[in-house]
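# Observations on the model geometry
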Amino acid sequence: MSVCFDLVGTSFQAVGLVYTPVSVFQMLKGSIIVFSAALSVIFLKRKMYRNHWGGVIICVIALSLVGSSSIFSRDSQAVSFSAGEVITGICFIIGSQVVCASQYVVEEFLLKGGAVPPLALVGIEGIWGLLVMACIVLPVMQHVPGKDVGGVFENASDAFAMMGDSKMVLGGVLGYALNTFAYNICAVNVTNSASAIHTTMLDSTRTILIWLCSVIM
C-alpha cells in the first residue's frame, strides 16, 4: 500500500512542478505537516495539544500566503505561468502531500506495530515500486498520447538512449537514485524512532535551502 502512495504522490508532485516555480513548489510541500498531523490523529489516535494545533494553523496561514502570492505575482517570476496553470499545479502539489502524508502514516503503523524492520520496509517499497513502474506504469505511458518522442506521454526507450548518450544525464539519474535511497533510509528510521510528523517536519526544513538557491539564481 505504501508503494502505491509513494508512486501516486511522486507523480502528482512531478505534474505540480511543471506548472509552478520550484521555490513555490518546495514551500507548498510543507503542507504535508498539516496532513500528517491530521491523519495521525484520525488513524493512529495520536493526541495533539493546543501548541501543536497552533503550529498547524500557522502552517496553513503560511501556505495560503505562498499559494496566493504565486497566483497574483506571476509577472515577477523567472518563468511565466498562467493563473490556470498555477492553480492546477497547486492542486496537484497539495494532493500529492495528502498522499505522501498517508504513506508516512502507513509506514509508522507498520513500523510501530513491529510488522517489518525499517530497512526491510525500504527494500520492499523499492522492489515493488520498480516492478510497478517497469511492468505497469511505463508500458501504459508508452501508449498514452503526449508530447514526448513518438507522440507518447513517456518514451522509456528514448530516456535510456539519452542516458547512454549523455554522461551528465546518466550522472543525474544515478545521483538522484542514490539520494532517494539515502533519504528513504533516514526517513524510515526517523519514523520508527519518533513519528511520521517528525519525519515531515524534518523534510520541510530543506525548503529554506531551495528558497535561498531560487533567490540567488
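None of the values given here were measured: they were computed from a predicted structure.

## Quick look at the nonpolar core
Core analysis: the largest hydrophobic core is formed by 15 residues, its most contacted members being Leu28, Ala37, Met48, Val56, Val86 and Ile90. Looking at this core, the elements with two or more residues in it are α2 (22-28), α3 (32-43), α4 (50-72) and α5 (83-112). If we ignore the near neighbours within four places in the chain, the residues touching Ile90 are Thr20, Leu28, Gly67, Ser70 and Ile71. Membership of the second largest hydrophobic core comes to 8 residues, among which are Ile32, Ile33, Tyr104 and Val105.

## Observations concerning the UniProt feature "transmembrane region" (unreviewed entry) in the protein chain
In the UniProt entry, the feature "transmembrane region" (unreviewed entry) is given for residues 24-44, 56-74, 86-106 and 118-141. The span residues 24-44 carries 81% helix and 0% strand; its end-to-end C-alpha distance comes to 30 Å. Between the first and last C-alpha atoms of residues 118-141 the distance is 32 Å; the span itself is 100% helix and 0% strand.

## Quick notes on the side chain of Ser195
Mapped onto the elements of the fold, Ser195 is located in the loop between α8 (167-193) and α9 (196-204). Owing to a relative accessible area of 3%, Ser195 belongs among the buried residues under this scheme. A polar contact of 2.6 Å, which involves the side chain of Ser195, links it to the side chain of His198.

## A few points about the environment of Ala101
Relative to the elements of secondary structure, Ala101 occurs in helix α5. Distance in space between the C-alpha atoms of Ala101 and Phe12 is 13 Å, their sequence separation being 89 residues. If we skip the residues at most four places from it in the chain, Ala101 touches Ile32, Phe35, Ser36 and Leu39.

## Considering the packing of helix α1 (residues 2-19) against α5
With their axes 7 Å apart at the nearest point, α1 and α5 run at an angle of 160° to one another. Compared by their axis directions, α1 and α5 come out roughly antiparallel. Between α1 and α5 lies a crossing of left-handed hand.

## With respect to the pattern of salt bridges
Using the criterion set out here, one finds 2 salt bridges in the structure. The closest approach of N and O atoms between Glu108 and Arg46, which form a salt bridge, is 2.3 Å. Here Glu108, found in helix α5, pairs with Arg46, found in the loop between α3 and α4; they are 62 residues apart in sequence, far enough to count as distant. The class of Glu108 is buried, set by a relative accessible area of 3%. Overall, the relative accessible area of 25% leaves Arg46 in the partly exposed class. Across the pair Glu108 and Lys112 runs a salt bridge, and its minimum N-O distance is 3.8 Å. Remark: Lys112 and Glu108 occur in helix α5; sequence separation between them is 4 residues, near one turn of the helix. Look at the salt bridges and you will find they share partners, linking Arg46, Glu108 and Lys112 into a network.

## Considerations on a nonpolar patch on the surface
On the surface, a cluster of nonpolar side chains totalling about 820 Å² of accessible area is made up of Ile208, Leu209, Trp211, Leu212, Val215, Ile216 and Met217. Relative to the helices and strands, Met217 is located in the segment after α10 (207-216). Met217 sits in the exposed class, given a relative accessible area of 84%.

## Overview of the packing of aromatic side chains
If you walk through the whole model with that rule in mind, you get 1 aromatic pair. Aromatic side chains Phe12 and Phe92 sit 5.4 Å apart centroid to centroid with 85° between the ring planes, which places their arrangement in the edge-to-face category. With Phe12 in helix α1 and Phe92 in helix α5, the pair connects residues that are 80 residues apart, well separated along the chain.

## Points about α8
For α8, which comprises 27 residues, the first-to-last C-alpha distance of 39 Å matches the rise-based estimate of 39 Å (1.5 Å per residue) to within 8%. Of all the residues in α8, the buried ones are Ala187, Val188 and Thr191. Looking at the packing, one finds that the buried side of α8 touches α5, α6 (118-141) and α9. For α8, the N-terminal cap is Ser166; the gap from its side-chain oxygen to the backbone nitrogen of Met168 is 3.4 Å.

The rules behind the values
- Residues numbered from 1 in each chain as written.
- Predicted model: local features only at pLDDT ≥ 70, side-chain atom pairs only at ≥ 80, totals over all residues.
- Heavy atoms only, no water.
- Core = buried A, V, L, I, M, F, W, Y, C linked by side-chain atoms within 4.5 Å.
- Buried < 20%, exposed > 50% of the residue type's maximum accessible area, 1.4 Å probe, protein only.
- Helix = DSSP H or I, 4+ residues; strand = E, 2+ residues; numbered from the N terminus.
- Contact = heavy atoms within 4.5 Å.
- UniProt positions renumbered as here; feature names shortened; annotations may be inferred.
- Polar contact = N/O pair within 3.5 Å; in protein donor to acceptor, adjacent residues only side chain to side chain.
- Axes fitted to C-alpha atoms, helices over the stretch in contact; angles between N-to-C directions.
- Parallel < 35°, antiparallel > 145°, perpendicular 65-115°, else oblique.
- Left-handed = near helix turned anticlockwise from the far one by under 90°.
- Salt bridge = Lys/Arg side-chain N within 4 Å of Asp/Glu carboxyl O.
- Patch = residues over 30% accessible without salt bridge, like charges linked within 9 Å, V, L, I, M, F, W, Y side chains within 5 Å.
- Areas by Shrake-Rupley, 256 points an atom, 1.4 Å probe, with all protein chains shown as cover.
- Phe/Tyr/Trp six-rings, centres within 6.5 Å; stacked < 30°, edge-to-face > 60°.
- Expected span 1.5 Å × (residues − 1).

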